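Here is what each chain is made of, one letter per residue.
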Amino acid sequence: MKRNMRRLVVLMLILTLAFTSSIAYAGEAKEVKAPKYIFYFIGDGLGLSQRQVGELFLQEASNDKSKKLMMNTLPVTGLKTTYSSNTLVTDSAAAGTALATGHKTDNGVISKTPDGKDLKTILELAEEKGYATGLVSTTRITHATPASFASHNVNRDNENEIAVDFLDSGVEFFAGGGYRHFAPKAWEFGKSKRKDERDLLKEFAGLGYNVFAGEKDSANFLKFAPKGKEKVFAALSYSHLPYDIDRLSTLDTPSLSQLTEKGIEVLSQYEDGFFMMVEGGRIDHAAHSNDPVGTIHDVLAFDDAIKKAYKFYEKNPADTLIIVAADHETGGLGLGMGLDYFLNLEELFDVKASTEAIGYEDKKYDGNREEYFKYIEKVYSLENLTEKERAEIEKAMDLEDKGIEGSKREYGYLTKEPTAIAVAHVISNRANIYWTTFAHSGVPIPLTAVGVNAEDFSGYNDNTMIAKKLAKIIGGEL
Ligand SMILES: [Zn+2]
């Protein structure tokens, strides 16, 4: 009896201790300071299906069911609606504006209200609060998502104007593609889209930036080691950086994870912390082309970049916040089709290039059917085409032979290349994957997060909440 009493007292003591320590913990959690380091990852076109098929591919290709995408292991999860102010299916400009400013606008508009007033962005607020800032993307750096953080324009296509806006944005680290909007008209290393006489590369250098432009500068960019607080401007390709699967085969440009790593290296020299937006910008493009393998490899490349941030978080857990979001889903990607209860992802293992095939052999259908069928057998692993598959591809070839640019409804994004779209559909169908659109879809996007105040971003709510909460966390308002 006495012994039982003693046991009871010990048990009560343990319970009391556990209870008080959990209260103390909850109290502490409420008083957490603003994170010193903020990573805002945005997968363009990264819906739930894209995240899931990336993870399944990883598991099946390695024959290891325990493998996870880093982004799918983060402890906080939310779903965010993405509609814009004028349509239920957003584009990347309106979605980028919502993610950057916490406000809805019309499709096509960059960080302005539908009636043209500038909206303050979370990056601009972070600058005011003393954070160093970075913008990283695999697209042209003037493309809709990065543009939404550091410029304001009525039209996302005004990329020459967006490039000029970047000059006085105060952003310390730019890295992506698209020198064509910065290089002068007569640039010895490549073409330019500028209509004026300005050389923005020189202007960035004049502002104290270390400038890297064109593929030729990729190695110099990777070698660059900051000596204290330095600024970097890098636009390493004429337009977008290549799809990761094509980059892997031949091209000598950095991966998204290398760009992110360099950003961390440069920005962590600033003692007051940093805010960094990293976009996996071409998941969207591959999904517009209904290309499952291009999509999957860009999802995996995006996840590799998140791993770099996570490593940084592990070293600075009390000071770091990582958010992984998306602007919208692209392609209406369905995992499963018809009457079948399976996916055949092994059909995708030996595909060696995106269906745009840039970087591999850059082979387009040019009228020589035999040669093209040989090519897709080698590159896309499309041997033993069934009659139906062959007919599907030949129907697209007929269209190209007649010199007709494929109808947008039938062949979508790559209107000049119906054959490439037909090949993407054959590959998809072999894997039992289906696409409902060549555009974006209206489904909510998943968000995951870890670190200081990460729990604030959970719930099924709207994409505008992310920037608004972030602003509050760093002591401001949008
Ligand atoms: Zn898109």
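Computed from a prediction, not measured in an experiment: that's the story for all the values here.

Conventions used here
- In this convention, every chain numbers its residues from 1, walking through the sequence in written order.
- In keeping with the predicted nature of the model, local features appear solely for residues at pLDDT of at least 70, side-chain atom pairs appear and are counted solely at 80 or more, and the whole-chain, interface and lining totals rest on all residues.
- The basis for every side-chain value is the complete set of non-hydrogen atoms in the structure, without hydrogens or water.
- In this text, helices come from DSSP runs of H or I with a minimum length of four residues, and strands from runs of E with a minimum of two, each type numbered from the N-terminal end.
- A simple rule labels every residue: compare its accessible area, found with a 1.4 Å probe on the protein chains alone, to the largest value its type can have, and call it buried under 20%, exposed over 50%, or partly exposed in between.
- The contact criterion used throughout is that any non-hydrogen atoms of two residues lie within 4.5 Å.
- Shrake-Rupley sampling with a 1.4 Å probe provides the accessible areas, and residues are treated as covered by the protein chains on show and by no other component.
- His is not counted, nor are the chain ends; Lys and Arg add positive charge and Asp and Glu add negative charge.
- A charge is said to be at NZ when it belongs to Lys, at CZ for Arg, at CG for Asp and at CD for Glu.
- UniProt positions are given in the numbering used here, feature names are shortened, and annotations may be inferred rather than shown by experiment.
- Pairing between two strands is assigned when DSSP locates at least 2 bridges connecting them.
- Call a crossover right-handed when, viewed with both strands pointing away from you, the route from the first strand across the helix to the second goes clockwise.
- Distances define the donors: N, O and S atoms within 2.8 Å of the metal qualify, as do those within 3.2 Å of Na, K or Ca. Water is excluded, so some sites may look unfinished.
- The axes are straight lines fitted to the C-alpha atoms, using for helices just the contacting stretch, and the angles between their N-to-C directions are given from 0 to 180°.
- Oblique is the label for any angle not covered by the other classes, which are roughly parallel (under 35 degrees), roughly antiparallel (over 145) and roughly perpendicular (65 to 115).
- Crossing handedness is defined as follows: a turn of the near helix away from the far one that is anticlockwise and smaller than a right angle gives a left-handed crossing, while the clockwise case is right-handed.
- By the convention adopted, Pro, Cys, Tyr, Trp, Phe, Met, Ile, Leu, Val and Ala count as nonpolar, Lys, Arg, Asp and Glu as charged, and the other residues, Gly among them, as polar.
- We define a salt bridge as a contact between a side-chain nitrogen of Lys or Arg and a carboxyl oxygen of Asp or Glu at a distance within 4 Å.
- Buriedness of a pocket was judged along seven lines, with at least five required to meet protein on both sides within 12 Å; pockets are open sets of points on a 1 Å grid over the protein atoms alone, cavities are sets where a 1.4 Å probe fits but cannot get out, and lining residues have an atom within 4 Å of a point.
- Grid points are joined across faces, edges and corners, and a volume is the space filled by probe spheres set on the points.
- Bear in mind that the domain bounds are from an automatic or database domain assignment.
- When two parts are put together, the accessible area they lose, computed with a 1.4 Å probe and summed over both, is reported as buried area.
- Definition of a polar contact: a pair of N or O atoms within 3.5 Å, with one able to donate and the other able to accept a hydrogen when the atoms are protein atoms, and with sequence-neighbouring residues admitted only if both atoms are side-chain atoms.
- Surface patches are defined over residues having more than 30% relative accessible area and no salt bridge, joining like charges when they lie within 9 Å and nonpolar side chains (Val, Leu, Ile, Met, Phe, Trp, Tyr) when within 5 Å.

For the chain, the count of helices and strands is 17 helices and 13 strands. Taking the principal axes of the C-alpha coordinates as reference, the chain spans close to 90 × 65 × 45 Å. Classification of the 478 residues of the chain by burial places 55% in the buried group. Pairs at least 24 apart in sequence give 72% of the contacts found in the chain among residues at least 6 apart. As presented, the chain carries roughly 20,700 Å² of accessible surface, and 53% of it is formed by carbon and sulfur atoms. Charge separation in the chain, taken as the distance between the mean sites of 56 positive and 70 negative side-chain charges, equals 6 Å.

Taking the UniProt record as the reference, the feature "binding site: Mg(2+)" (unreviewed entry) is found at Asp44, His143, Thr145 and Glu279. Judged by maximum C-alpha separation, these annotated positions cover 236 residues in sequence but sit close together in space, the widest gap being only 11.1 Å. Within the fold, His143 resides in the loop between β3 (132-140) and α5 (144-150). Among the secondary structure elements, Glu279 is positioned in strand β7 (residues 274-280). In this structure Glu279 comes out as buried when scored by relative accessible area, which is 0%. With residues up to four places along the chain from it excluded, the contact list for Glu279 reads Ile42, Asp44, Val136, Ser137, Thr138, Thr139, Thr145, Pro146, Leu256 and Phe302.

Time to look at the UniProt feature "active site" (unreviewed entry) in the chain. Under the UniProt annotation, the feature "active site" (unreviewed entry) is placed at Ser92. Along the chain, the position of Ser92 falls in helix α3 (residues 92-101). The contact partners of Ser92, leaving out residues within four places of it in the chain, are Asp44, Ala144, Thr145, Arg156, Asp327, His328 and His440.

On to the pairing of strand β5 (residues 209-213), then. Pairing geometry for β5 and strand β6 (residues 231-235), over 5 bridges, is parallel. Looking across to β6, one finds that Val211 is bridged to Phe233. In this fold, β5 hands off to helix α8 (residues 218-223), which returns the chain to β6; that crossover is right-handed.

Here the focus is the coordination of the zinc ion. At 2.1 to 2.4 Å from the zinc ion lie its protein donor atoms, namely Asp284 (OD), Asp284 (OD), His288 (NE2) and His440 (NE2). Here the donor residues of the zinc ion share one chain and are spaced in sequence as D-x3-H-x151-H. Linking Asp284 in helix α11 (residues 283-288) with His440 in strand β11 (residues 440-441), this pair joins segments that are 156 residues apart in sequence. Overall, Asp284 belongs to the buried group, its relative accessible area being 4%.

This part covers the packing of helix α14 (residues 387-401) against helix α16 (residues 418-430). Helix packing geometry: the angle between the two helix axes and the distance between the axes. Interhelical geometry of α14 versus α16 gives an angle of 165 degrees and a closest axis separation of 8 Å. By the angle between their axes, α14 is roughly antiparallel relative to α16. When the axes of α14 and α16 are compared, the crossing they make is right-handed. Touching Glu389, Glu392, Ile393, Ala396, Met397, Leu399 and Glu400 of α14 are Pro418, Thr419, Ala422, Val423, His425, Val426, Asn429 and Arg430, all from α16. In terms of residue class, the contact of α14 with α16 is built from 8 nonpolar, 3 polar and 4 charged.

What follows concerns the pattern of salt bridges. Scanning the model with the defined rule gives 22 salt bridges in all. As a salt-bridge pair, Asp91 and Arg156 come within 3.1 Å of each other at their nearest N and O atoms. Taken together, the positions of Asp91 in the loop between β2 (76-81) and α3 and Arg156 in the loop between α5 and α6 (159-167) put the pair 65 residues apart, joining distant regions of the chain. Arg247 serves as the salt-bridge partner of Asp244, at 2.9 Å between the closest nitrogen and oxygen. On the criterion of helical spacing, the pair formed by Asp244 and Arg247 is a turn pair, its members being 3 residues apart in helix α9 (residues 244-249).

This next bit is on empty space enclosed by the protein. For the structure shown, the criterion picks out 3 cavities of 30 Å³ or more. By volume, the largest cavity is sized at about 90 Å³. Along the walls of the largest cavity sit 16 residues, with Thr138, Asp244, Leu256, Asp298 and Ala301 positioned nearest its centre. Secondary-structure elements contributing two or more residues to the lining of the largest cavity are α9 and α12 (292-315).

Taken N-terminus to C-terminus, the directions of helix α13 (residues 369-379) and α14 make an angle of 135 degrees; their axes are 12 Å apart at the nearest point. With respect to α14, the axis of α13 lies oblique. Judged by the sense of rotation from one axis to the other, the crossing of α13 with α14 is right-handed. The residues of α14 that touch α13, namely those facing Arg369, Tyr372, Phe373 and Ile376, are Arg390, Ile393, Glu394, Met397, Asp398 and Asp401. Looking at the contact of α13 with α14, its residues break down into 5 nonpolar, no polar and 5 charged.

A word on the domain arrangement of the chain. According to the domain assignment, the chain consists of domain 1 (37-334 + 440-473) and domain 2 (344-431). The straight-line distance from the C-alpha centre of domain 1 to that of domain 2 is 30 Å. At the junction of the two partners, domain 1 supplies 20 residues and domain 2 supplies 21 residues. Across the domain 1/domain 2 interface, buried area totals approximately 1,700 Å², and carbon plus sulfur atoms make up 63% of it. Connecting domain 1 to domain 2 are 0 salt bridges. If you look at where domain 1 meets domain 2, you find 5 residue pairs in polar contact (both at pLDDT 80 or more). Counting residues per element, the ones that place at least two in the side of domain 1 that touches domain 2 are α2 (48-62), α9, α11 and α12. Examining the composition of the side of domain 1 that touches domain 2, we find that 5 residues originate from one element, α2, more than from any other.

Note that Lys202 resides in helix α7 (residues 200-206). The spatial distance from the C-alpha of Lys202 to the C-alpha of Phe182 is 8.9 Å, given a sequence separation of 20 residues.

Glancing now at a negative patch on the surface. Taken together, the side chains of Glu346, Glu347, Asp350, Glu377 and Glu383 present a region of like negative charge at the surface. Following the sequence through the fold, Asp350 ends up in the loop between β9 (333-335) and α13.

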